[in-house]
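Below are the chains, spelled out letter by letter.
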Amino acid sequence: MGSSSSTYRPKYVYLDIGGRIQKVAFSKYCNSRDIMELFCIATGLPRNTTISLFTVDDCMVSIDPTMPANSERTPYKVIPVTTGQQTEKEELFQNLLAQVIEQFSRVFKIDELKTDVDNHLAMLEKRVELEGLKVAEIEKCKSDIKKMRDEMAARSTRTNCPCKYSFLDESKRLVPRRDVPSYPKYMLSQETIEALRKPTFDVWLWEPNEMLSCLEHMYHDLGLVKDFNINPITLKRWLLCIHDNYRNNPFHNFRHCFCVTQMMYSMISLCSLQVKLSQMDILILMTASVCHDLDHPGYNNTYQINARTELAVRYNDISPLENHHCAVAFQILAQPECNILSHVDKEQFKRIRQGIITLILATDMARHAEILDAFKEILEKFDYSNEEHVTQLKMVLIKCCDISNEVRPMEVAEPWVDCLLEEYFMQSDREKSEGLPVAPFMDRDKVTKPTAQIGFLKFVLIPMFETVTKLFPEVEEVLLQPLWESRDRYEELKQIDDAVKELQKKKNESLAIGSKEK
């Protein structure tokens with residue numbers, strides 16, 4: 001369960017230039033050469049100078065878009081790489097080369113050609129700007145055609161849920177990566193470490209490798225690696241295998257997995273859960289969050305059941321997706337190279353396995369009312385020493401984290417709505433093409449962003465978080481205030497949409513009356 005356009009933010013680094021601190025910003029789309037030239041300009045060096053960066057601990061830093069951000073207190077020292085003086089032959093060669101370039105420029109009129117090209121490019125850019133709407137329509141048509149082709153291809157295999165491997169075929173097994181470490185160990189700044197513990201963390205700023213490093217940090221920071229004797233290399237290999245088994249869906253993808261796990265990490269910190277729960281409970285909460293949507297096909301349980309897919313048949317229409325996520329999670333853990341639980345005894349493994357399964361199954365929204373009502377019943381007499389009470393709490397916590405996007409700042413939350421609606425529309429288009437029932441909240445012809453969010457906020461999110469804050473009143477401002485603000489904002493947007501529709505309706509009526517009179 002849960003929700004790729006993203007909000008762009010530049011990366012900032014601080015450079016130490018002879019004792020003077022210079023702040024430099026660059027885009028993640030820059031290449032290494034562009035960034036090095038930018039640093040040269042900032043330091044007053046020629047643009048083609050080769051430079052090296054060093055941390056305050058004299059560790060060399062790679063100059064590339066994924067280089068770790070630093071702070072004004074920990075600037076990178078800029079050291080030009082000395083290349084020595086040019087020899088007389090080299091100087092002669094450079095002069096000769098300059099003369100040849102000048103001759104070519106005169107013969108082939110390169111300057112005039114460059115001017116013509118620049119003028120032509122400017123004209124093309126103007127045309128693109130003027131015809132932007134047409135281009136957008138063409139791209140939408142291309143996208144729709146591609147979706148239709150995909151749907152036509154999928155109809156012949158409607159009863160088969162597309163999975164990366166089938167449990168029915170024992171010859172197809174997960175192959176864990178053995179080339180560990182396969183992703184660089186990012187040096188997380190203190191600023192990043194502190195931000196990770198807050199719901200305001202911007203999940204759109206990070207590449208997959210950086211998200212993997214953040215997840216790895218969480219397991220170390222919570223003491224899970226130490227307390228459960230997890231081999232750090234096995235942890236890396238397990239996280240890589242997890243990443244590889246999330247599909248590139250608009251919403252239910254690896255970034256959503258990271259988003260849910262980071263929110264759980266925040267809740268553990270904000271609610272002081274390590275003081276109130278056992279380390280085994282913390283391990284269950286974190287690992288269930290990481291695994292909760294593994295191999296999600298992008299079509300929900302309603303589709304699986306109505307289309308009679310392989311998953312629905314296998315799990316007898318009972319939470320087919322959530323059962324599948326659990327099965328994939330433990331198939332990964334069954335590989336010795338990925339088994340982060342290899343050092344726990346049989347009884348501990350049994351309890352951890354049952355805990356993870358219980359939490360992942362709780363993310364089925366069909367069980368929402370059942371789970372929340374059961375939690376409300378024990379709320380007034382909640383007892384942390386009561387195992388059943390703690391299990392109910394953990395189920396509600398993972399549900400909160402799974403659908404917590406609106407708790408985040410607007411610029412982080414809103415792109416997730418677009419992603420979720422895109423996935424919904426893909427499903428409803430497929431349901432229409434296959435003659436299956438279509439839910440109104442997933443129909444592109446009936447739903448808008450405000451209408452989709454208002455009901456969800458008012459009847460699902462806010463009541464659930466209000467219930468949680470009764471047990472943890474200290475986090476009410478952090479968790480509930482953003483939800484109230486989001487509800488009010490979407491209600492304002494809906495009023496605007498309704499007013500525009502009313503004006504358009506009156507205009508159409510006036511035009512119709514005018515045409516009749518003629």
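As named in an unreviewed UniProt entry, the protein chain is Phosphodiesterase, taken from Podarcis lilfordi. Of the comments in the UniProt record for the protein chain, the one headed Sequence similarities (unreviewed entry) reads "Belongs to the cyclic nucleotide phosphodiesterase family. PDE9 subfamily." Of the protein chain, the UniProt comment under Pathway (unreviewed entry) reads exactly: "Purine metabolism; 3',5'-cyclic GMP degradation; GMP from 3',5'-cyclic GMP: step 1/1."

Trainee: Account for the pairing of strand β2 (residues 20-26), with residues named and values stated.
Mentor: As judged from the seven bridges shared by strand β1 (residues 11-17) and β2, these two strands associate in the antiparallel manner. By the bridge assignment, I17 is partnered in β2 with R20. Hairpin connection of β1 to β2: two residues between the antiparallel strands, including G18 at a positive phi of 55°.

Trainee: Give a description of the packing of aromatic side chains that names residues and reports values.
Mentor: One pass over the full model with this rule turns up twelve aromatic pairs. When the ring of Y299 is compared with that of Y303, the centres are 5.2 Å apart and the planes differ by 40°; the resulting orientation is tilted. Just as Y299 is buried, Y303 falls in that class too. In this structure an aromatic cluster arises from ring pairing among F201, W206 and F258. Looking at R430, its charged tip hangs above the ring of Y299, at a distance of 4.6 Å from the centre.

Trainee: Pulling in residues and values, what's your account of a nonpolar patch on the surface?
Mentor: On the surface, L113, V117, L121 and L124 cluster together into a nonpolar patch covering about 330 Å² of accessible area. By the element assignment, L124 lies in helix α3 (residues 110-130).

Trainee: Give a description of helix α8 (residues 232-244) that names residues and reports values.
Mentor: In this model, α8 (13 residues) spans 19 Å end to end at C-alpha, consistent with the 18 Å of a helix rising 1.5 Å per residue. Among all positions of α8, only T234, L235, K236, R237, W238, L239, L240, C241 and I242 are buried. The inward-facing, buried residues of α8 contact α6 (208-221), α7 (224-227), α11 (279-291) and α14 (320-333). Between the side-chain oxygen at the start of α8 and the backbone nitrogen of I233 there is a gap of 2.9 Å, and the oxygen is on N231.

Trainee: Residues and numbers for the UniProt feature "binding site: Zn(2+) 1" (unreviewed entry) in the protein chain, please.
Mentor: Per the UniProt record, "binding site: Zn(2+) 1" (unreviewed entry) is found at H256, H292, D293 and D402. Across 147 residues, the annotated set stays spatially compact, with a maximum C-alpha separation of 10.0 Å. Topologically, D293 is positioned in the loop between α11 and α12 (301-306). Mapped onto the elements of the fold, D402 is located in helix α17 (residues 387-402). A polar contact is formed between the side chain of D402 and the side chain of H256, at a distance of 3.3 Å.

Trainee: Break down the pattern of salt bridges for me, with residues and values.
Mentor: Summed over all chains, the structure comprises 19 salt bridges. Among the ionic pairs, D58 bridges to K77, the shortest N-O distance being 2.7 Å. Taken as a pair, D58 in the loop between β3 (51-54) and β4 (60-61) and K77 in strand β5 (residues 76-80) lie far apart in primary sequence, 19 residues in all. The exposure class assigned to K77 is partly exposed, which follows from its relative accessible area of 28%. Among the ionic pairs, K449 bridges to D418, the shortest N-O distance being 2.9 Å. Of the two residues, K449 sits in helix α19 (residues 449-471) while D418 sits in helix α18 (residues 410-433), which places them 31 residues apart along the sequence. Members of the salt-bridge network, linked through shared partners, are E414, D418, K449 and R489.

Trainee: Can you lay out the packing of helix α9 (residues 254-270) against α17 for me, pointing to particular residues and giving the numbers?
Mentor: The interhelical angle for the contact between α9 and α17, taken along N-to-C directions, is 130°, at an axis separation of 8 Å. When the interaxial angle is binned, α9 and α17 end up oblique. The interaxial crossing formed by α9 with α17 has right-handed handedness. Only L397, I398, C401 and D402 of α17 make contact with α9, whose side of the interface consists of H256, V260, M263, M264 and M267. Residue composition of the contact of α9 with α17, by class: seven nonpolar, one polar and one charged.

Trainee: Report on the sheet that holds β5, specifying residues and quantitative values.
Mentor: Hydrogen bonding along the main chain pairs the strands of a sheet, whether they run parallel or antiparallel. On the basis of which strands lie adjacent, the open sheet formed by five strands has the order β2-β1-β5-β3-β4 and mixed pairing. Edge positions in the sheet fall to β2 and β4, since each of these pairs with one other strand and no more. The pairing of β3 with β4 spans two bridges and is classified as antiparallel. Bridge assignment links L53 to a residue of β4, and that residue is V61. Set on the sheet, helix α1 (residues 32-43) makes contact with β1, β2, β3 and β5; between it and β2 the angle comes to about 150°.

Definitions and limits used
- Residues numbered from 1 in each chain as written.
- Predicted model: local features only at pLDDT ≥ 70, side-chain atom pairs only at ≥ 80, totals over all residues.
- Heavy atoms only, no water.
- UniProt positions renumbered as here; feature names shortened; annotations may be inferred.
- Pairing = 2+ DSSP bridges.
- Helix = DSSP H or I, 4+ residues; strand = E, 2+ residues; numbered from the N terminus.
- Phe/Tyr/Trp six-rings, centres within 6.5 Å; stacked < 30°, edge-to-face > 60°.
- Buried < 20%, exposed > 50% of the residue type's maximum accessible area, 1.4 Å probe, protein only.
- Lys NZ or Arg CZ within 6 Å of the ring centre and 35° of its normal.
- Patch = residues over 30% accessible without salt bridge, like charges linked within 9 Å, V, L, I, M, F, W, Y side chains within 5 Å.
- Areas by Shrake-Rupley, 256 points an atom, 1.4 Å probe, with all protein chains shown as cover.
- Salt bridge = Lys/Arg side-chain N within 4 Å of Asp/Glu carboxyl O.
- Expected span 1.5 Å × (residues − 1).
- Contact = heavy atoms within 4.5 Å.
- Polar contact = N/O pair within 3.5 Å; in protein donor to acceptor, adjacent residues only side chain to side chain.
- Axes fitted to C-alpha atoms, helices over the stretch in contact; angles between N-to-C directions.
- Parallel < 35°, antiparallel > 145°, perpendicular 65-115°, else oblique.
- Left-handed = near helix turned anticlockwise from the far one by under 90°.
- Nonpolar A, V, L, I, M, F, W, Y, C, P; charged D, E, K, R; others polar.

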